[in-house]
Protein chains: 2
Amino acid sequence: MEHRIDRIKKHLHAQSYKLTPQREATVRVLLEREEDHLSAEDVYLLVKEKAPEIGLATVYRTLELLSELKIVDKINFGDGVSRYDLRKEGAAHFHHHLVCTECGAVEEITDDLLEDVEKIVETDWNFKVKDHRLTFHGVCKKCQDQELKVSS
Amino acid sequence: MEHRIDRIKKHLHAQSYKLTPQREATVRVLLEREEDHLSAEDVYLLVKEKAPEIGLATVYRTLELLSELKIVDKINFGDGVSRYDLRKEGAAHFHHHLVCTECGAVEEITDDLLEDVEKIVETDWNFKVKDHRLTFHGVCKKCQDQELKVSS
DNA sequence: TTTAAAATAATAATGATTATCATTAATAAT
DNA sequence: ATTATTAATGATAATCATTATTATTTTAAA
Ligand SMILES: [Mn+2]
Ligand SMILES: [Mn+2]
Ligand SMILES: [Zn+2]
Ligand SMILES: [Zn+2]
């Protein structure tokens, strides 16, 4: 954890930004809830627990900054809010998501999966791929089992 | 065009919805601008040209309805607005997008491309895929050429 | 026609995000 | 150390997309 924060600190310094206490508190929340997909409000409430004096605007500004630096990715699952997702250490591309349309659960896939597709896009469409967003909508394991039970 | 509208009409009727004049005007705009990715506001302004009495709320309601029926797909490219995209005739899945980070241009890919990936997701993650959202961020052909010119 | 349900238009309300601005913290210059 | 600059913050107002409300109109059935 400390190691990870150190790296982020260096990343910020490299662009002459500082890791202020507010920024650090925000990053810590993101690290502690790495599997989750928190909205700005979610982050705000969690940060407030350890740094009660922080303002919502600062959280928005920090998340914006972290997005620019590709430390977090901003995603939108179709409910009205943006969600912020820590990029995996050293990952060149954003990871993928499985969203269950029954229960709303969100799973993560960190495997690349798109290498071949990207090659096709680069050659057939002359498009230089920098990043991607891939989300599958469907039914998670748990909900599939539920359906079986109900119908049997 | 008329044929396409007829089908949509039937689709609505099948769920006991009516193709009201407002709904038809909205669908016509979507058909006329099939390549585009219009926001609700965009659609509203275009519909107003042919049906000036329509209200914005009706456009929102219509787009919502068309989304439910899978006639249009709602997408979000990260600017603050939802965009509405006609699903290709008979397509089981939503098509893909290439968003240029330089000029903002959006290209469409109607080829499936994800068949193999979906198989992997279904078997390795036990996730029953119903649909997907895939967007590549990168540099379009035009902007690549521009860069070459500038740097030479 | 009368009646009930569905759809619409106008507009108010909501809620997420951004902008503003006065204050504070950090950094550099004297 | 003191002062001047600049960056960052917190509070809050403003904006803007979307949703809810409600009175009215349209449609289809009885
Ligand atoms: Mn994630
Ligand atoms: Mn499209
Ligand atoms: Zn589920
Ligand atoms: Zn471009």
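See the structure printed just above.
Residues numbered from 1 in each chain as written. Chains lettered and ligands numbered in written order. Predicted model: local features only at pLDDT ≥ 70, side-chain atom pairs only at ≥ 80, totals over all residues. Heavy atoms only, no water.

1. So, the side chain of His95 of chain B
Residues and elements named next belong to chain B. As for its position among the elements, His95 is in the loop between strand E3 (82-86) and strand E4 (96-100). In this structure the side chain of His95 is engaged in a polar contact, spanning 2.8 Å, whose partner is the side chain of Asp85. A distance of 3.2 Å separates the side chain of His95 from the side chain of Glu108, its partner in a polar contact. Excluding its chain neighbours within four sequence positions, the residues that come into contact with His95 are Asp85, Leu86, Lys88, Glu108, Ile109 and Thr110. (Helix = DSSP H or I, 4+ residues; strand = E, 2+ residues; numbered from the N terminus. Polar contact = N/O pair within 3.5 Å; in protein donor to acceptor, adjacent residues only side chain to side chain. Contact = heavy atoms within 4.5 Å.)

2. Digging into the protein's contact with DNA strand D
For DNA strand D, the set of nearby residues contains 17 residues, the closest of which are Thr20, Gln22, Thr58 and Arg61 of chain A together with Tyr60 of chain B. The protein-proximal atoms of DNA strand D, defined as those within 4 Å of the protein, are 69% sugar or phosphate. A distance of 3.1 Å separates a phosphate oxygen of DNA strand D from a polar atom in the backbone of Gly55 of chain A. Residue Ser82 of chain B places a main-chain N or O atom 2.9 Å away from a phosphate oxygen belonging to DNA strand D. Of all the secondary-structure elements, those providing two or more residues to the surface near DNA strand D are helix H2 (21-32) and helix H4 (56-68) of chain A together with helix H4 (56-68) of chain B. (Near = heavy atom within 4 Å.)

3. A closer look at the protein's contact with DNA strand C
Around DNA strand C, 17 residues are found, and the nearest of them are Tyr60 and Ser82 of chain A together with Thr20, Gln22 and Thr58 of chain B. Considering the 4 Å shell around the protein, atoms of DNA strand C inside it are sugar or phosphate in 72% of instances. Between a phosphate oxygen of DNA strand C and a side-chain N or O atom of Tyr60 of chain A, the distance comes to 2.5 Å. Of all elements in the fold, only H4 of chain A together with helix H2 (21-32) and H4 of chain B reach the threshold of two or more residues within the surface near DNA strand C. The residue makeup of the surface near DNA strand C, split by class, is 5 nonpolar, 6 polar and 6 charged. (Nonpolar A, V, L, I, M, F, W, Y, C, P; charged D, E, K, R; others polar.)

4. Things to note about the packing of H2 of chain A against helix H3 (residues 40-50) of chain A
Residue and element names in this part refer to chain A. Interaxial distance between H2 and H3 falls to 9 Å at its minimum, and their mutual angle equals 115 degrees. When the axes of H2 and H3 are compared, the pair comes out roughly perpendicular. Along this stretch, H2 crosses H3, giving a crossing that reads as right-handed. Listed contacts from H3 to Ala25, Thr26, Arg28, Val29, Leu30 and Glu32 of H2 are Val43, Leu46, Val47 and Lys50. Considered class by class, the residues forming the contact of H2 with H3 number 6 nonpolar, 1 polar and 3 charged. (Axes fitted to C-alpha atoms, helices over the stretch in contact; angles between N-to-C directions. Parallel < 35°, antiparallel > 145°, perpendicular 65-115°, else oblique. Left-handed = near helix turned anticlockwise from the far one by under 90°.)

It is worth stressing that arrangement in space is one thing and function is another; only the former is reported here.
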